[in-house]
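The lines below spell out each chain.
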Amino acid sequence: MSSISAVVANSPVTRALSVLGDRWTLLILRDAFQGAHRFEQFRTLNGAARSTLTSRLNGLVENGILERVQYSDAPPRFEYRLTEKGLALYGVTLVTWRWEHRWVPNGAGIPKSLRHKVCKHSMLPEVACAKCGERIELRDTTFTIEKPTSRARPMRRAKASALAVRRLSTVNAESHRGANAALLHITDILGDRWTPLVLSAAFLGLRRFDEIQSTLEIATNILTHRLNLLVEHEILQRERYSERPPRFEYRLTQKGRDLYPHALMLMQWGERWLPQTNGPTMRIVHKKCGAKLEPVVTCNHCHGVIDPHDISFPTAASAKKRS
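1. Here we look at the overall build of the protein
1) Next: Along its length, the protein carries 14 helices and 10 strands.
2) Next: Considering only intrachain contacts with a sequence separation of at least 6, the fraction spanning at least 24 residues in the protein is 69%.
3) Next: About 16,000 Å² of surface is accessible on the protein, with carbon and sulfur atoms providing 49% of the total.

Written out as structure tokens, the structure reads:
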């Protein structure tokens, strides 16, 4: 296994996706952050089948992201509340909203703005460097590969129920039947395990089919499908680099580069909540200040770091669904 392959296999993003890499899981988290607690609320908002919703809720409980709280004795009934580990995904949710706000057509269920309670202004969330406060884009960072230390802790494995989720859902933004139409387009792209890993390979500078395939150790038919999906959604663009034989490489578009903050916040969550393995790790460095990047989500108006209690994430349940 190459050094980059080992890093990807050991990456906190890979570990996070073993828990979160599924369309329905992402939509449950969307609804939980907007105030849903009970089974029927989730089902109405995201349109999942009962068996699917039960499976995903159980997976989130088993992995400590939601907790099941009884609210009725006769008959016994439960609701689902975000734990500290679940609330820590708030930054991921905010940058997800920002991407949809910029790239999804009007009328797709996205609120026009968020309001920051601290500065009392409409705001857009930004990912910034915790040390120097500068906004972070893909071009602002570089990475090095670090060998494991003897102090590295073994990884606590995600529960099997979550790890079993591998398939790309047949439901998409166009066929969605739930009442909440927000954040559907990004789940078309990130709602399985493999597509975000292919995208992560692009963030690492990998462009050609063979190098992506060998790095991710992904089946060729799955990689072909995910690359075509990312090209269809204009996240990657296909460019010919050889005439005989005809061969192509895949380059990030601006729409694709704008997903980098999502990867950063997912990486941070994985580092915090899914402990490190003994394999090699990747150190992402902010070029401007030279420090190891510690990404934080900030308000673009006052530049303060956002706490989950600082913003009431607006419900989109009543927004006009895209026709």
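Once you've had a look at it, read on.
2. Describing helix α5 (residues 50–62)
1) Next: Over its 13 residues, α5 runs 18 Å from end to end, which matches the ideal 18 Å to within 8%, given 1.5 Å per residue.
2) Next: Of the residues making up α5, those classed as buried are L53, R56, L57, G59 and L60. Seen from one end, α5 has its buried residues packed into an arc of 160°, which puts them on one side.
3) Next: At the exit of α5 stands G64, carrying a positive phi of roughly 75°.

3. Some remarks on the pairing of strand β8 (residues 247–252)
1) Next: Both strand β7 (residues 236–242) and β8 contribute to a ladder of 6 bridges, which runs antiparallel. Within the sheet, the bridge partner assigned to R238 lies in β8 and is Y250.
2) Next: The antiparallel pairing of β7 with β8 creates a hairpin that spans 4 residues between the two strands.

4. Focus: the environment of T144
1) Next: When you line up the elements, T144 lands in strand β6 (residues 141–146).
2) Next: The partly exposed category is assigned to T144, whose relative accessible area is 38%.
3) Next: It is 6.7 Å that separates the C-alpha atoms of T144 and I284, two residues lying 140 residues apart in sequence.
4) Next: Excluding residues that lie within four positions of it along the chain, T144 makes contacts with T281, M282 and R283.

5. Comments concerning the packing of helix α3 (residues 23–33) against helix α4 (residues 39–46)
1) Next: Packing of α3 against α4 brings their axes to within 10 Å, and their N-to-C directions diverge by 115°. If you check the angle between α3 and α4, you find them roughly perpendicular. Crossing angle aside, the handedness with which α3 passes α4 is right-handed. Each of W24, L27, I28, R30, D31 and A32 in α3 lies in contact with α4, whose residues at this interface are F42, L45 and N46.
2) Next: Among the residues making up the contact of α3 with α4, the classes are represented as 6 nonpolar, 1 polar and 2 charged.

6. A look at the packing of α4 against α5
For any two helices packed against each other, one specifies the crossing angle of their axes together with the interaxial distance.
1) Next: Two numbers describe how α4 lies on α5: the axes approach to 11 Å, and their chain directions differ by 120°. Crossing of α4 over α5 shows right-handed handedness. For the pair α4 and α5, contact is made by F39, E40, F42, R43 and N46 and by R50, L53, T54 and L57, respectively.

7. Remarks on the pattern of salt bridges
1) Next: Inspection of the entire model under this criterion finds 17 salt bridges.
2) Next: The closest approach of N and O atoms between D22 and R56, which form a salt bridge, is 2.7 Å. Here D22 is found in the loop between α2 (12–20) and α3, whereas its partner R56 is found in helix α5, with 34 residues between them in sequence.
3) Next: Given the relative accessible area of 4%, D22 is considered buried.
4) Next: Put simply, E79 and R38 hold a salt bridge, and the shortest N to O gap is 3.3 Å. With a gap of 41 residues between them, E79 in strand β2 (residues 76–82) and R38 in the loop between α3 and α4 connect regions that are remote in the sequence.

8. Overview of the side chain of H116
1) Next: With respect to the secondary-structure elements, H116 resides in strand β3 (residues 114–116).
2) Next: Accessibility expressed as a relative area gives 1% for H116, which makes it buried.
3) Next: With residues up to four places along the chain from it excluded, the contact list for H116 reads H121, M123, C299, C302, I306, D310 and I311.

9. Some remarks on the packing of aromatic side chains
1) Next: Summed over the entire model, instances satisfying the criterion amount to 2 aromatic pairs.
2) Next: An angle of 50° between the planes, with centres 5.4 Å apart, marks the rings of F33 and Y90 as tilted. You can see F33 sitting in helix α3 and its partner Y90 sitting in helix α7 (residues 90–103), a full 57 residues away along the chain. Like Y90, F33 is buried.
3) Next: On the numbers, 5.2 Å between centres and 70° between planes, the contact of F203 with Y260 is edge-to-face. With F203 in helix α10 (residues 194–203) and Y260 in helix α14 (residues 260–273), the pair connects residues that are 57 residues apart, well separated along the chain. Neither residue differs from the other here; F203 and Y260 are each classed as buried.

10. A word on unusual backbone geometry
Most of the time, phi is negative for any residue but glycine, and the peptide bond is trans.
1) Next: Looking along the chain, the bond that leaves A74 and enters P75 is cis, with omega of -5°.
2) Next: Within the fold, P75 resides in the loop between β1 (66–73) and β2.
3) Next: Look at the link from R244 to P245: it is a cis peptide, with omega at -5°.
4) Next: Among the secondary structure elements, P245 is positioned in the loop between β7 and β8.
5) Next: Unlike most non-glycine residues, K120 shows phi in positive territory, near 60°.
6) Next: Structurally, the position occupied by K120 is in the loop between β3 and β4 (121–123).
7) Next: Positioned with a positive phi, E217 is a non-glycine residue whose angle comes to about 55°.

Rules behind the numbers
- Residues numbered from 1 in each chain as written.
- Predicted model: local features only at pLDDT ≥ 70, side-chain atom pairs only at ≥ 80, totals over all residues.
- Heavy atoms only, no water.
- Helix = DSSP H or I, 4+ residues; strand = E, 2+ residues; numbered from the N terminus.
- Contact = heavy atoms within 4.5 Å.
- Areas by Shrake-Rupley, 256 points an atom, 1.4 Å probe, with all protein chains shown as cover.
- Expected span 1.5 Å × (residues − 1).
- Buried < 20%, exposed > 50% of the residue type's maximum accessible area, 1.4 Å probe, protein only.
- Arc of directions from axis to C-beta.
- Pairing = 2+ DSSP bridges.
- Axes fitted to C-alpha atoms, helices over the stretch in contact; angles between N-to-C directions.
- Parallel < 35°, antiparallel > 145°, perpendicular 65-115°, else oblique.
- Left-handed = near helix turned anticlockwise from the far one by under 90°.
- Nonpolar A, V, L, I, M, F, W, Y, C, P; charged D, E, K, R; others polar.
- Salt bridge = Lys/Arg side-chain N within 4 Å of Asp/Glu carboxyl O.
- Phe/Tyr/Trp six-rings, centres within 6.5 Å; stacked < 30°, edge-to-face > 60°.

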